[in-house]
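# Topology and contacts: notes
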Amino acid sequence: MHDPALADRKRRRRGGEGGGHGIGHNGLSGAEEARLRHLLEALAAARAGEFAVRLPFTRGASLMAEIARTFNQVVARNEALTSELARLERVVGREGRMTERATLGEVTGSWKTSVDSINALIADLVQPTTEVARVLVAVAEGDLTQKMALEIEGQPVKGEFLRIGTTVNAMVDQLSSFGAEVTRVAKEVGTDGKLGGQAAVPEASGIWRDLTDNVNTLASNLTTQVRNIAEVTTAVARGDLSRKITVDARGEVLELKNTINTMVDQLNSFASEVTRVAREVGTEGKLGGQAEVRGVSGVWKDLTENVNFMASNLTTQVRGIVKVVTAVANGDLSEKLVVDARGEIAALAETLNSMTRTLGIFAEQVTRVAKEVGTDGKLGGQAEVKGVSGVWKDLTDNVNFMASNLTTQVRNIAKVTTAVANGDLSQKITVDVKGEVLELKNTINTMVDQLNAFAAEVTRVAREVGTEGKLGGQADVKGVSGVWKDLTDNVNFMASNLTTQVRGIARVVTAVANGDLTQQLKVEAKGEIAALAETINAMTETLGVFAEQVIDVARTVGVDGKLGAQAEVPGVAGSWKDLTDNVNLMALNLTSQVRNIAEVSTAVARGDLSKKITVDVKGEILELKNTINTMVDQLNSFASEVTRVAREVGTEGKLGGQAEVRGVSGVWKDLTDNVNFMASNLTTQVRGIVKVVTAVANGDLSQKLVVEARGEIAALGETLNNMTKTLGIFAQQVINV
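Residues numbered from 1 in each chain as written. Predicted model: local features only at pLDDT ≥ 70, side-chain atom pairs only at ≥ 80, totals over all residues. Heavy atoms only, no water.

A tally of regular secondary structure across the protein gives 18 helices and 2 strands. Taking 737 residues into account, the globule formula puts the C-alpha radius of gyration at 27 Å, and the protein, at 56 Å, lies well above it. Seen through its C-alpha atoms, the protein measures out along the principal axes to roughly 205 × 50 × 35 Å. Taking contacts inside the protein between residues at least 6 apart in sequence as the whole, the part at least 24 apart equals 43%. Accessible surface computed for the protein: about 43,300 Å², of which carbon and sulfur atoms make up 55%. (Helix = DSSP H or I, 4+ residues; strand = E, 2+ residues; numbered from the N terminus. Rg over C-alpha atoms; globule rule 2.2 N^0.38 Å. Contact = heavy atoms within 4.5 Å. Areas by Shrake-Rupley, 256 points an atom, 1.4 Å probe, with all protein chains shown as cover.)

Given below as structure tokens:
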């Protein structure tokens, strides 16, 4: 028998067992409504930029679990993108690791487009900086052929990058022009021997103008000094000892000037004394004269002593001859010529003693030959005494042999000395001689060897230092003394000073190229070298102040985030003042731009989408400004549409609404499509539920809820259908009863 009270209790118990499946005021169960509200809160948090939010109901195969998992994946990927952008800002913007790029793993669609766009932006920003670094490294290494590319992948650079590229390229051009001109002048003066060259760098200014002027002053001074030295030495080589070096000089060039002038004085004194002795002995017949050349040493002292020794010997010999000749002239043929002599002089004594009877004819011939050779300088003369024989023939032959030997010897000596005077040190005296003439031969040949060694060593040192750039070389001329030793020492002193000075300059310049601005050039120097040292030290000090200020501004703005800093480099001018002004202009512009961008970004982060970037910018910063402003417009449009759809569906109960956000793409288009898809699905599902519930309310229990759904919505559909089925059975039973 059917008990209505029992059936009512069972019906209430089945309703209580449904628990969370009770119908809410929106037509949804309490659990479904709670989860949808959780989803709505999560979407609002994500919209506000809180990508750490997650939906907890991810278990199971229901539609809501699938939606929760998908939502969690979306916000997780947004969170990963935000973290990746923060990391790039640190490693690229602060740490300077230019090769770092954004990555989200294996992504597709708009995620991949976003990552690729960010990486392309970094590459575009880094490329000009890398170009500047490449060119500056090349300049520091002495390669002035490198230039900044003013096109990147076929697109010309613009704005600040174009200005920086143009400035760097202009600097390289000026350095290249300066280097080429200085190299040309150095080659002409130091290698080719073309004096009078001047470096012409018309576009140079500041320190480059000063360097060019210093090089030209150096070349001009060297030209004047070397030409004056060449003029005097040429005069000496031609026998003109009246010239002196008069050019104004200092340092080692002054020492060289004094040395050459002293040498000319000594040569003058030597020539005067030898001329006097030769005149007294050879012309005036005053025997016993001696040359007095004060203050000479080395070869000049040896030559003076040789002349005096020859004059002394000649005096003794001639006085003996005079004695005999006087006796012969007086008719006394008993006199004999007794002199301590060798060689031809001894033979002459013997001949004189044996030829007294034919002295007249012989004397005439000998006088003629002596006059030709000794006075007229006509070598090759021969005595002709006809009809003589015996000792007279021998005497005549001996005189002729002596004249021939003297001719050969003098001509050989003249050939070698002429070659030396013409700069040819390959000639040697090769004639067969003995006695004092042998000593003279050996002395001249030794002098040629020493000159050869001196020239070779000086040439080697000059080549190593001036052409090959091998500093520290010293000339090693063994066995020299006097003026040759002094010349060798002077060359070595000059090479040593140049080595010290150039190595000091190289040390400071290398330190500057390596970024060490603490080094100072300290050399013992005067004149232009001292001025160069002072200029380099002043340049290093200015660079130090400039670098300190730029680093301070870069640290204050780029690391500490304190905008508005300015570099202060007092007392600079030219290129350095322009660089300082450019750094300050860049810092000022960046300050205005970053503060405006920060203001808008902060407003967006706080949900205020009314702000726009208004600062005046150009180039890529203008593109960034337009992009951010467009993004704000799109966010405004997106927020307005999503709010409208949420209000119509969630508050006003107007189903079927769709968000319309024009002009969006990427993640914003995906979000808009997802919201519209969710709204469309909810509309379909709720309308299906309403249809079934309305039919049940109208007593039509034949309707079924048919929707494409999963999870709790699918469970709700199944519950409604079961309820309808149960109501149908219940109604049928009631009717039957």
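Now that the structure has been shown, we can carry on.
Here the protein is described as being made up of domain 1 (34–189), domain 2 (536–616) and domain 3 (636–735). On a C-alpha basis, the centres of domain 1 and domain 2 stand 21 Å from each other. (Domains from an automatic or database assignment.)

Here Asn-412 shows up in helix H11 (residues 390–421). Assessed through its relative accessible area of 11%, Asn-412 is described here as buried. Reaching out from Asn-412, the side chain makes a polar contact with the backbone nitrogen of Val-431 at a distance of 3.0 Å. What Asn-412 contacts, discounting residues up to four positions off in sequence, is Lys-428, Ile-429, Thr-430 and Val-431. (Buried < 20%, exposed > 50% of the residue type's maximum accessible area, 1.4 Å probe, protein only. Polar contact = N/O pair within 3.5 Å; in protein donor to acceptor, adjacent residues only side chain to side chain.)

Here the focus is the environment of Gln-474. Turning to its location among the elements, Gln-474 is positioned in the loop between helix H12 (435–467) and helix H13 (482–513). Overall, the relative accessible area of 37% leaves Gln-474 in the partly exposed class. Sequence separation between Gln-474 and Ser-496 is 22 residues; the distance between their C-alpha atoms is 7.6 Å. Apart from residues lying up to four places away in sequence, Gln-474 is in contact with Glu-457, Arg-460, Val-461, Asn-492, Ala-495 and Ser-496.

The next subject is the nonpolar core. Counting residues in each nonpolar core, the largest one holds 22 residues, and the members touching the most others are Val-232, Val-236, Ile-245, Ile-260, Trp-300 and Trp-484. Broken down by element, this core gets its largest block of residues, 4 residues, from helix H7 (residues 251–283). If we skip the residues at most four places from it in the chain, Trp-300 touches Gln-266, Leu-267, Phe-270 and Val-483. (Core = buried A, V, L, I, M, F, W, Y, C linked by side-chain atoms within 4.5 Å.)

If you trace the backbone, Glu-436 turns up in helix H12. Owing to a relative accessible area of 37%, Glu-436 belongs among the partly exposed residues under this scheme. Sequence separation between Glu-436 and Asn-306 is 130 residues, and the spatial gap between their C-alpha atoms is 8.7 Å. Those residues in contact with Glu-436 that lie beyond four places of it in its chain are Phe-309, Met-310 and Asn-313.

A contiguous nonpolar surface patch, about 290 Å² in accessible area, is contributed by Met-310, Leu-314, Val-318 and Val-322. Tracing the chain through its elements places Val-318 in helix H8 (residues 298–329). (Patch = residues over 30% accessible without salt bridge, like charges linked within 9 Å, V, L, I, M, F, W, Y side chains within 5 Å. Salt bridge = Lys/Arg side-chain N within 4 Å of Asp/Glu carboxyl O.)

Once that is clear, we can look at the pattern of salt bridges. Across all of its chains, the model carries 32 salt bridges by this definition. For Glu-100, the salt bridge is made with Arg-87, and the minimal N-O distance between the two is 2.9 Å. Of the two residues, Glu-100 is situated in the loop between helix H3 (63–94) and helix H4 (109–140) and Arg-87 in helix H3; the sequence distance between them amounts to 13 residues. Looking at Glu-100, the relative accessible area reads 21%, which means it is partly exposed. Three or more residues are tied together by salt bridges with common partners; here these are Glu-84, Arg-87, Arg-90, Glu-95, Arg-97 and Glu-100.

What follows concerns H3. Look at H3: 45 Å from first C-alpha to last across 32 residues, which is about the 46 Å you get at 1.5 Å a residue. Note on H3: the residue one or two positions beyond its end, Gly-96, has a positive phi of about 75 degrees. (Expected span 1.5 Å × (residues − 1).)

Turning our eyes to something else, we now look at the environment of Val-617. By the element assignment, Val-617 lies in the loop between helix H15 (574–605) and helix H16 (619–651). Overall, Val-617 belongs to the buried group, its relative accessible area being 8%. When the C-alpha positions of Val-617 and Asn-589 are compared, they lie 8.5 Å apart, and in sequence the two are 28 residues distant. Sequence-distant contacts of Val-617, defined by excluding residues within four places in its chain, comprise Gln-593, Leu-622 and Lys-625.

What follows concerns the packing of H12 against H13. H13 packs onto H12 with a crossing angle of 5 degrees between their chain directions and a minimal axis gap of 11 Å. When the axis of H12 is compared with that of H13, the two are roughly parallel. Here H12 contributes Gln-450, Leu-451, Phe-454, Val-458 and Val-461 to the contact with H13, which in turn contributes Trp-484, Leu-487, Thr-488, Val-491 and Ala-495. Grouping the constituent residues of the contact of H12 with H13 by class yields 8 nonpolar, 2 polar and no charged. (Axes fitted to C-alpha atoms, helices over the stretch in contact; angles between N-to-C directions. Parallel < 35°, antiparallel > 145°, perpendicular 65-115°, else oblique. Nonpolar A, V, L, I, M, F, W, Y, C, P; charged D, E, K, R; others polar.)

Turning to the side chain of Thr-724, a few remarks are in order. Inspection of the secondary structure assignment puts Thr-724 in helix H18 (residues 711–736). For Thr-724, a relative accessible area of 1% gives the class buried. When neighbours within four sequence positions are excluded, Thr-724 is seen to be in contact with Val-692, Val-696, Leu-701 and Gln-703.

Further remarks concern the confidence of the model for the protein. Across the protein, pLDDT averages 79, with 92% of residues at or above 70. Looking across the protein, the model is least confident in helix H1 (residues 4–18), with a mean pLDDT of 42, and most confident in H3, with 88. In the model, residues 5–21 has pLDDT below 50 throughout and makes 6 contacts with residues more than four positions away in sequence or in other chains. (pLDDT = per-residue confidence, 0-100.)

Turning our attention to a negative patch on the surface. Together, Asp-124, Glu-153, Glu-620 and Glu-623 line one region of the surface with negative charge. When its relative accessible area of 54% is taken as the criterion, Glu-623 is described as exposed. (Lys, Arg positive; Asp, Glu negative; His and termini not counted. Charge placed at Lys NZ, Arg CZ, Asp CG, Glu CD.)

Over its 26 residues, H18 runs 37 Å from end to end, which matches the ideal 38 Å to within 8%, given 1.5 Å per residue. Restricting attention to buried positions, one finds in H18 the residues Gly-711, Glu-712, Ile-713, Leu-716, Gly-717, Leu-720, Asn-721 and Thr-724.

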